[in-house]
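A closer look at the structure
Take a look at the letters that make up each chain.
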Amino acid sequence: MKFSLSWLREHLETPATLEEICATLNTIGLEVEGVEDRGAVLAPFRTARIIEAAQHPNADRLRVCQVDAGAGFEQVQVVCGAPNARTGLHVIFAPPGTFIPASGITIKAGKLRGEESGGMLCSLRELGLGAESDGIAELPDDTVPGQSYALFADLDDPVIDIAITPNRGDALAVRGIARDLAAAGLGELRPWMTEAVEGRFETPINWRITYPEACPWVLGRSIRNVRNGPSPEWLKRRLESIGLRPVSALVDITNFFAFDLGRPLHVFDADRLMGHELTICRGAGETFTALDGSEHVMTPDDCVIADGRGVQSLAGIMGGAESGVSDTTTNVFVECALFDPVAIALAGRRHNLHSDARQRFERGVDQALPPAALEAATRMILELCGGEAGSVVAAGQEPAWRRQAHLEFARLETLGGLTVAPDQAVHLLERLGFTVYERDERHVVVQVPSWRNDIATPLVLDQQPGLSPARAQAAAEGAAAIDPEVDLIEEVLRLRGLDSVPAISLPVHGAVPRPALTPRQARIASLRRQLAARGLLETVGFSFVALDQAVAFGEAPADLHLLNPIAADLDQMRPTPLVNLLAAVRSNVARGYPDLGLFEVGPAFDADGQKLVAAGIRSGHSDRLPGQPARPVDLWQAKADALAALGVMGAALEGCSITADAPAYYHPGRSGVIRQGPKLVLGHFGQLHPALLAQRGIDVPVCAFTLYPDAVPEPKRRRRTPPALSAFQPLKRDFAFVVASDMAAEKLLRAVKGAERNLIVAVSLFDVYEGDKVPAGHKSLGVEITLQPMDRTLTDAEIEAVCDRVVAAARKSCDATLRG
């Protein structure tokens, strides 16, 4: 919302400076976004007169001018190249040191082709005020030299631009802003009244409303024998100062009242209307051409104003080109109506039409102002365009906007955080236009003014929890009443100054702050960090994939097929993020980047619904290191990635088992399932099936894993105890056991670990051998154990005893024998 300082002073009597006004606006919640002070930019420019203009002796296109620039300047010589520089011309003079807005240069005294020049004679374009011209600006012959040009041209009027929140429709009027400033103690609001204009004839056009939900009340009147033309200078300057282009007197008057009072109006050319009735109704598919030339097809939800020929206005937003006024207009019909904010907002959004009228109606306008606004507009039209006014015609009725609001004084401190004396709180509300209906030492009930549509929207009290006794009694009587008094608390606090409300920290629940993340969120964050630390790059893929790709990775239920996909190849909800990761591998391999590692933590979908899945993939070969060749990725890397990720999520890895029943898209002999117990599946890992890779043209090895974070049990929360650290060195011993070929290595490791739980702290598999050195149908498993004594150094006999128990346990559980 833009307004000039002089415009504001038409409604606000105040000695405050521009800086004080801007500071107060910020304090009361009308944030100042900018101030354009052209007077400050143009302050150095002065009016002057050319005493003599002679031809430059050394240049055909230059003239040497003797200039009278008024008091403080002796006669100044200026070299000027303008073709209209002549003796006696009144001009705009820029002395040395003046910054020229259009060119961005600063004038300096100097010589031009050998002649002294002590300044510059300017065009309006150079001041940033006009278009390109062939010469310097020509001022009237009665101009007095030495004046400030900004003052001479009435350009010393700063323009303030403020931000308006959606609830403050009343602040989209200069008078509404002045009212707020007066209430904040920055001056007095000037009275505004308009005298009624007596109708000289019966208005021949009547109103009819068939869409009262969108327009409850409308007024209008005819004015005949008007003379439309350019607006007077004062009105042009008002509109130009806020960025509006003057059109004609009739149009400019409606724009003036939209900003002055926040009251949109529309003027029809009465001679271009068909019939003697205007109907406010729903649209019916008509094509409507707006004043800006755009065409729109009306819908039944649109509120329109129609005559006997068709739609003439998209009500509350923009008039039509067919009935718009022009320079030849002699008879007009002025419309002043109330429109439903929601209906206007939705219609403007449907047709992508923006206007000052829409901006005000969709935020709510003064519901009692239409009669006075129509009289004020009529009087200005008669003053500027002549003519005579007809009678006022109306349809519908004024809405029941009168309502009350309640304020308990104690709530100003308990809710608002600021102590305000009851008398001061009531005084501030009265200055805003509220009138006291009832008051005692505890509370006040006020009547809400017609222009504050955001205060105390009617509700039913018995739906509101925590009512005060006064309002609870009203609810018990079944009264339709008001919102809680937070609206009035806000008004009092902002007029006292929002920056005066003390800052109070939220209560602290304990010396140690609560964690910002839930345990589940923390586990997922740790999972991501762990996978990234292992060299995998995180990706984010669509939850939609192609149907054939989804089938390759499991079932594709019809319930998860998209009827209206965003793309033809994204028509199925993905069963696993591996679909996206493998597609990324394929794309990279095709571009010559086969060696990569990726992961994603995101949703997967099956017949049971949505679940969170962490998936990772590796392709190609490992990095080449000194002394080590690049190795193709294998299932052991996928297994290590999966177990590391489960470990940081708190899974009890020592209690997990590995089975060989991975999903069909894994290699049947080079994959596994990580289980905790016989039924709980924590994830899968392994090499992807060769047929799956061949279908996609991938000729490099690929291994992957999928984990289910929500399946990992929450670790039991125990009080942390100091770690039991031994002062003695650990011992390692190796064993080579011969077992049946179908024996799972995990079973042997468990048996070995259980042979001596007090001393054996770690068991690992370091070798697998199948060949002619072992009997047919058997294999050799190399197992390393770590012994950690806690209270003494073990003797050779004790170590041998532990080794014997290891061998015995392996023989008993796995029918294993030591390799010879």
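Residues numbered from 1 in each chain as written. Predicted model: local features only at pLDDT ≥ 70, side-chain atom pairs only at ≥ 80, totals over all residues. Heavy atoms only, no water.

Regarding the sheet that holds strand S3 (residues 32-36)
Where we set the bar: Any two strands with at least two DSSP-identified bridges between them are counted as paired. Comment: elements are numbered from the N terminus, with helices defined as DSSP H or I runs of at least four residues and strands as E runs of at least two. Between N-to-C directions, angles span 0 to 180 degrees; the directions come from axes that are lines fitted to C-alpha atoms, helices contributing only their stretch in contact.
The strand order across the open sheet built from three strands is S1-S13-S3, with neighbouring strands paired in antiparallel fashion. In the strand order of this sheet, the two ends are held by strand S1 (2-4) and S3, each with one partner. On average, adjacent strands in this sheet sit at an angle of 20° to one another, irrespective of strand direction. Both S3 and strand S13 (residues 159-162) contribute to a ladder of four bridges, which runs antiparallel.

A look at the confidence of the model for the chain
The condition that has to hold: For every residue, the predictor states its confidence as a pLDDT score lying anywhere from 0 to 100. Whether two residues touch is decided by their heavy atoms; if any such pair falls within 4.5 Å, the residues are in contact.
Residues at a pLDDT of 70 or more form 96% of the chain, whose mean pLDDT is 90. When the criterion is pLDDT under 50, residues 459-472 qualifies, and its contacts beyond four places in sequence or with other chains add up to 24 contacts. Note that pLDDT drops below 50 for residues 474-483; the model gives that stretch 22 contacts with residues more than four away or on any other chain.

With respect to the packing of helix H12 (residues 422-431) against helix H14 (residues 486-496)
The angle between the axes and the distance between the axes are what describe a pair of packed helices. Just so we agree on the cut-off: For classification purposes, angles smaller than 35 degrees are called roughly parallel, those larger than 145 roughly antiparallel, those between 65 and 115 roughly perpendicular, and all remaining angles oblique.
Look at H12 against H14: their axes get within 10 Å of each other, and the N-to-C directions meet at 95°. Comparing the axis directions of H12 and H14 gives the class roughly perpendicular. Together, Gln424, Ala425, Leu428 and Leu429 of H12 and Leu488, Glu491, Val492, Leu495 and Arg496 of H14 make up the contact between the two elements.

A few points about the pattern of salt bridges
Pairs can form between side chains of opposite charge whenever their charged atoms are close. Stated formally: The salt bridge criterion pairs a side-chain nitrogen of Lys or Arg with a carboxyl oxygen of Asp or Glu, the two atoms within 4 Å. Burial status follows relative accessibility: with a 1.4 Å probe on protein chains alone, a residue under 20% of its type maximum counts as buried, one over 50% as exposed, and anything between as partly exposed.
Across all of its chains, the model carries 35 salt bridges by this definition. Arg221 serves as the salt-bridge partner of Glu375, at 3.0 Å between the closest nitrogen and oxygen. Pair noted here: Glu375 is in helix H10 (residues 370-385) and Arg221 is in strand S16 (residues 217-224), with a separation of 154 residues, a long-range link. Like Glu375, the residue Arg221 is buried in the burial classification. Put simply, Arg528 and Glu538 hold a salt bridge, and the shortest N to O gap is 2.7 Å. A residue pair is termed long-range when its members are at least 10 positions apart, and Arg528 in helix H15 (residues 519-533) and Glu538 in strand S31 (residues 537-538) qualify at ten residues. Within this structure, Arg168, Asp170, Asp180, Arg452, Asp454, Glu491 and Arg494 form a network of salt bridges that share partners.

Side note on the sheet that holds strand S4 (residues 46-55)
Spatial ordering of the open sheet is given by S6-S5-S4-S7-S12, a layout of five strands whose pairing is antiparallel. Among the strands making up the open sheet, the edge pair consists of strand S6 (76-80) and strand S12 (120-122). The sheet shows a mean angle of 50° between the axes of neighbouring strands, direction not considered.

Regarding the environment of Ala410
Structurally, Ala410 can be placed in the loop between strand S26 (404-408) and helix H11 (411-414). Residue Ala410 is classed as exposed on the basis of its relative accessible area, which comes to 53%. Distance in space between the C-alpha atoms of Ala410 and Arg442 is 7.4 Å, their sequence separation being 32 residues.

A short note on unusual backbone geometry
Look at Arg113: it is not a glycine, yet its phi comes out positive at around 50°. Relative to the helices and strands, Arg113 resides in the loop between strand S10 (110-112) and strand S11 (115-117). Since its relative accessible area comes to 53%, Arg113 is described here as exposed.

Here's the deal with the side chain of Gln687
One can find Gln687 in strand S38 (residues 680-688). Excluding residues within four positions of it along the chain, Gln687 makes contact with Val633, Asp634, Leu635, Tyr666, His667, Arg670, Val702 and Cys703.

So, the state of the cysteines
Just so we agree on the cut-off: To count as a disulfide, a pair of cysteine sulfur atoms needs to be within 2.5 Å.
One pass over the structure, following the stated rule, counts zero disulfides. Looking at Cys80, it has no disulfide partner, and the nearest cysteine sulfur is the one in Cys65, 5.3 Å off. Left unpaired, Cys385 is separated from the closest cysteine sulfur, that of Cys336, by 18 Å.

Brief notes about the packing of aromatic side chains
Convention followed: Only centres within 6.5 Å qualify two rings of Phe, Tyr or Trp (six-membered ring in Trp) as a pair; their planes then separate them into stacked at under 30 degrees, edge-to-face at over 60, and tilted for everything else. Should the NZ of a Lys or the CZ of an Arg lie within 6 Å of a ring centre and within 35 degrees of the ring normal, that charge is described as sitting over the ring.
For the coordinates displayed, the defined rule picks out ten aromatic pairs. Measuring from ring centre to ring centre gives 5.4 Å for Trp207 and Phe333, while their planes differ by 55°; the resulting arrangement is tilted. Within this pair, whereas Trp207 is found in strand S15 (residues 206-209), its partner Phe333 is found in strand S24 (residues 332-338), the two being separated by 126 residues in sequence. By the burial criterion, Trp207 is buried, and Phe333 matches it. Connected via pairs of aromatic rings, a cluster forms that spans Trp7, Trp234, Phe256 and Phe257. One Lys or Arg, Arg224, reaches over the ring of Phe201 and ends 3.8 Å from the middle of that ring. Note that Arg360 overlies the ring of Phe259, its terminal NZ or CZ placed 4.4 Å from the centroid.

Looking at the pairing of S6
With respect to burial, S6 is a largely interior element, four of its five residues being buried. Bridge analysis of strand S5 (residues 63-68) against S6 gives five bridges, and the strand direction is antiparallel. If you follow Val64 over to S6, its bridge partner there is Val79.

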